[in-house]
Amino acid sequence: MSQKALAKGSTLPPLEKGKLRLYSMRFCPYAQRTRLVLEHKNIPYETINVNLKEKPDWFLEKNPLGLVPIVEHDDKIVYESAVCDDYLDELFKTNPLTPADVYRKARERILADGFHKVTTPFYKVLRSKGQDKELLEEFYKALDRYEKDLTEPFFGGNNLSMLDYHLWPWFERLGIMAKITGQALPKDRFPCLSAWMDRMKQEPTVRKTMFSNEMHGAFLSSFATGTPDYDVGLDANL
Amino acid sequence: MSEKAYSKGSSCPSGQGKLRLYSMRFCPYSERVRLVLAHKDIDYDTININLYSKPEWYLEKNERGAVPTVEQPDGRLVYDSVVASEYLDDFFMQNRLTPDDPYDKACGKLLLEKFGKVQSAQYKAGFGSKGQDKDAIQDMWVALDFFESQLKGDFFGGNNIKMADLMMWPWFERLSPTMELTNEKFPMDRFPKLQAWVERMHEQPAVKKAALDPRIHVGYSRTHFDGNPDVDHGL
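Residues numbered from 1 in each chain as written. Chains lettered and ligands numbered in written order. Predicted model: local features only at pLDDT ≥ 70, side-chain atom pairs only at ≥ 80, totals over all residues. Heavy atoms only, no water.

1. Structural notes on the overall build of chain B
Part 1: Along the backbone of chain B there are ten helices and four strands.
Part 2: What you see in chain B, going N to C, is helices and strands ordered as β-α-β-α-β-β-α-α-α-α-α-α-α-α.
Part 3: Taken against the 2.2 N^0.38 rule, which gives 18 Å for 235 residues, the C-alpha radius of gyration of chain B at 18 Å falls within 12% of a compact globule.
Part 4: Counting only C-alpha atoms, chain B reaches 50 × 45 × 25 Å along its principal axes.
Part 5: Counting across all 235 residues of chain B, residues that qualify as buried make up 52%.
Part 6: Contacts in chain B between residues far apart in sequence, at least 24 positions, make up 71% of those at least 6 positions apart.
Part 7: Carbon together with sulfur atoms contributes 49% to the accessible area of chain B, which is approximately 10700 Å² in total.
Part 8: One finds the centroid of the 31 positive side-chain charges in chain B at a distance of 1 Å from the centroid of its 35 negative side-chain charges. (Helix = DSSP H or I, 4+ residues; strand = E, 2+ residues; numbered from the N terminus. Rg over C-alpha atoms; globule rule 2.2 N^0.38 Å. Buried < 20%, exposed > 50% of the residue type's maximum accessible area, 1.4 Å probe, protein only. Contact = heavy atoms within 4.5 Å. Areas by Shrake-Rupley, 256 points an atom, 1.4 Å probe, with all protein chains shown as cover. Lys, Arg positive; Asp, Glu negative; His and termini not counted. Charge placed at Lys NZ, Arg CZ, Asp CG, Glu CD.)

Pasting the structure below:
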């Protein structure tokens, strides 16, 4: 199936019975969470990338919120990345990502729910083109909490869990943030997070879904022009 | 144990070896957890927090300074309302509220996501505008249209009450007080199924235990509109 993003006016390819489909966008960090979960659990799936600027009508019928990711199979539709990810983890028993201990599960949810405090300044920094030092400090301050809570190799403990995947996509984009701000994530302030990032980059699932700083940069630049190039990096003959 | 709220300068009451809920009597989010505790017959102590003059010690329980927070006798802490509700449902196995089927569970969560529009419209109509914002009332009816259409069985959970029913209940409890405060009427013809569900919910033991009389809600809201919220109103 082509990876090119489908836009308004496009025809939706039919979904075969029994098959699982992910509606996504290659550079969307929220959709990346769900891709990581699908890969981790070896769930067979097909992807339809969607042009989020020129949304197809069929897309809005699936999710009136008009957002990715969406998981669809056998007339069942689930959206919102956290809901999709829990759904997939409950439906498919391989390589479980939710902690068996209910207290640990709750504490990880608290960290996941609180992560908007990191993503909000993250986007503010990118939008300011890295010029505002106060915004960068706001972002680092929000990260302090996660540095403090990371007392084990992964947020999930000795092995990674749902929470590691929920946080990862924004950490993957710290490389391009460093290029924009001229400042890499200070290792002395964030030793645990820095080591965790190196560990995550070795994970096969992360390597499979990851984009390079150059690709992230190319997409972000196109986004800043007002005409995002959702297909950036795809071969012309796909 | 007294229901009076703890304020700035107070000391944290010592534990009684029971599960503890940090709450505020009029907070709809806290009520969610009270409903779950009631539904599952869990024994617990309540510590009400004055959200307008927070005790310093409370920030050690919940760094967001928000209610509700659930504390186990051994000091384990869980917040906010949805995480605490799910944790209690996982920890205490009786009278299960989470649907067994993963798709039903996901649908319940998505229903709650959509419910945000009802919550924000109700807030705008009441506390947000001291009962003056008529457009917010209309927005609330429009948001409720979706829930009217989604109600297929006796409950949002189907034949039996489930997490989604309890998570949404506090805002339905506050509908009649909101009508009184804004001088509006609930359009019963527009929401026959929701009206029937509300009546069914009023019969639920959990709701009977955890709900507050509409007049007390109105009284509290008036203290809030006057700029002097009395979290102990009615005690």
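Read on, since the account is not over.
2. Structural notes on the packing of helix H7 (residues 175–182) of chain B against helix H10 (residues 214–225) of chain B
Residues and elements named next belong to chain B.
Part 1: Relative to each other, H7 and H10 sit at 50°, their axes nearing to 9 Å. The angle between the axes of H7 and H10 places the two elements in the oblique class. Considering only the axes of H7 and H10, their crossing is right-handed. Contacts between H7 and H10 pair Ser-176, Pro-177, Glu-180 and Leu-181 from the former with Pro-214, His-217, Val-218, Ser-221, Arg-222 and Phe-225 from the latter.
Part 2: Class assignment of the residues belonging to the contact of H7 with H10 gives a composition of five nonpolar, three polar and two charged. (Axes fitted to C-alpha atoms, helices over the stretch in contact; angles between N-to-C directions. Parallel < 35°, antiparallel > 145°, perpendicular 65-115°, else oblique. Left-handed = near helix turned anticlockwise from the far one by under 90°. Nonpolar A, V, L, I, M, F, W, Y, C, P; charged D, E, K, R; others polar.)

3. Section: the packing of aromatic side chains
Part 1: The final tally for this structure, using the stated rule, is 42 aromatic pairs over all chains.
Part 2: Each member of the aromatic cluster is reached from another via a ring pair, and the members are Tyr29(B), Phe115(B), Phe146(B), Phe147(B), Phe156(B), Trp169(B), Trp171(B), Phe172(B) and Trp197(B).
Part 3: For Arg76(B), the ring lying beneath its charged end belongs to Tyr103(A), and the centroid distance is 5.3 Å. (Phe/Tyr/Trp six-rings, centres within 6.5 Å; stacked < 30°, edge-to-face > 60°. Lys NZ or Arg CZ within 6 Å of the ring centre and 35° of its normal.)

4. Things to note about the pattern of salt bridges
Opposite charge on two side chains lets them pair, provided their charged atoms get close.
All names here are of chain B.
Part 1: Overall, the coordinates contain 35 salt bridges over all chains when judged by the stated rule.
Part 2: For Arg-174, the salt bridge identified is with Glu-31, shortest N-O distance 2.7 Å. Here Glu-31 lies in helix H1 (residues 28–39) and Arg-174 lies in the loop between helix H6 (163–173) and H7, a separation of 143 residues in the sequence. By the burial criterion, Arg-174 is buried, and Glu-31 matches it.
Part 3: Asp-89 is paired through a salt bridge with Lys-40; the nearest N and O atoms lie 2.7 Å apart. Of this pair, Asp-89 sits in helix H3 (residues 81–91) while Lys-40 sits in the loop between H1 and strand E2 (44–48); the two residues are 49 residues apart in sequence, bridging distant segments of the chain. Lys-40 shares its class with Asp-89; the two are buried. (Salt bridge = Lys/Arg side-chain N within 4 Å of Asp/Glu carboxyl O.)

5. What to know about the interface of chain A and chain B
Part 1: Contacts between the two partners involve 22 residues from chain A and, on the opposite side, 20 residues from chain B.
Part 2: For the pair chain A and chain B, the summed buried surface comes to about 2100 Å²; carbon and sulfur atoms form 59% of the total.
Part 3: A per-residue breakdown of the area chain A buries against chain B is headed by Val102(A), Tyr103(A) and Ile110(A), which together make up 26% of the total.
Part 4: Along the contact surface separating chain A from chain B lie five salt bridges. (Buried area = accessible area lost by both parts, 1.4 Å probe.)

6. Topic: the packing of H6(B) against helix H8 (residues 192–202) of chain B
Residues and elements named next belong to chain B.
Part 1: Put simply, H6 and H8 touch, their axes get as near as 11 Å, and they point 100° apart. Overall, the two elements H6 and H8 adopt an arrangement that is roughly perpendicular. Contact residues: Asp-165, Leu-166, Trp-169 and Phe-172 in H6; Leu-194, Trp-197, Val-198, Met-201 and His-202 in H8.
Part 2: For the contact of H6 with H8, the class distribution of residues is seven nonpolar, one polar and one charged.

7. Focus on the sheet that holds strand E2 (residues 46–49) of chain A
All names here are of chain A.
Part 1: Across the sheet, four strands lie side by side as E2-E1-E3-E4; this open sheet has mixed pairing. Edge positions in the sheet fall to E2 and strand E4 (76–79), since each of these pairs with one other strand and no more. Averaged over all adjacent pairs, the angle separating strand axes in this sheet is 20°, with direction ignored.
Part 2: Judged from the four bridges that link them, strand E3 (residues 70–73) and E4 form a sheet pairing that is antiparallel. Across the sheet, the residue bridging to Ile-70 is Tyr-79, located in E4.
Part 3: Sitting on the sheet, helix H1 (residues 29–40) touches strand E1 (21–24) and E3, and the angle it makes with E1 is about 155°. (Pairing = 2+ DSSP bridges.)

8. Some thoughts on the pairing of E2(B)
Regular strands have side chains that alternate between both faces of the sheet.
All names here are of chain B.
Part 1: Note: strand E1 (residues 19–23) against E2, five bridges, orientation parallel. The partner of Leu-19 across the bridge, within E2, is Tyr-44.
Part 2: Regarding the hand of the β-α-β motif, the stretch spanning E1, H1 and E2 is right-handed. (Right-handed = clockwise from strand over helix to strand, strands pointing away.)

9. Details of the state of the cysteines
The bond known as a disulfide is covalent and runs between the sulfur atoms of two cysteines.
Part 1: A complete count under the given rule lists zero disulfides over all chains for this structure.
Part 2: Just so you know, Cys12(B) is unpaired, no disulfide at all, and the nearest cysteine sulfur is the one on Cys27(B), 19 Å from it. (Disulfide = S-S within 2.5 Å.)

10. Some words on H6(B)
Part 1: Summarising burial for H6(B): eleven of the eleven residues are buried, a large majority.
Part 2: Of all the residues in H6(B), the buried ones are Met163(B), Ala164(B), Asp165(B), Leu166(B), Met167(B), Met168(B), Trp169(B), Pro170(B), Trp171(B), Phe172(B) and Glu173(B).

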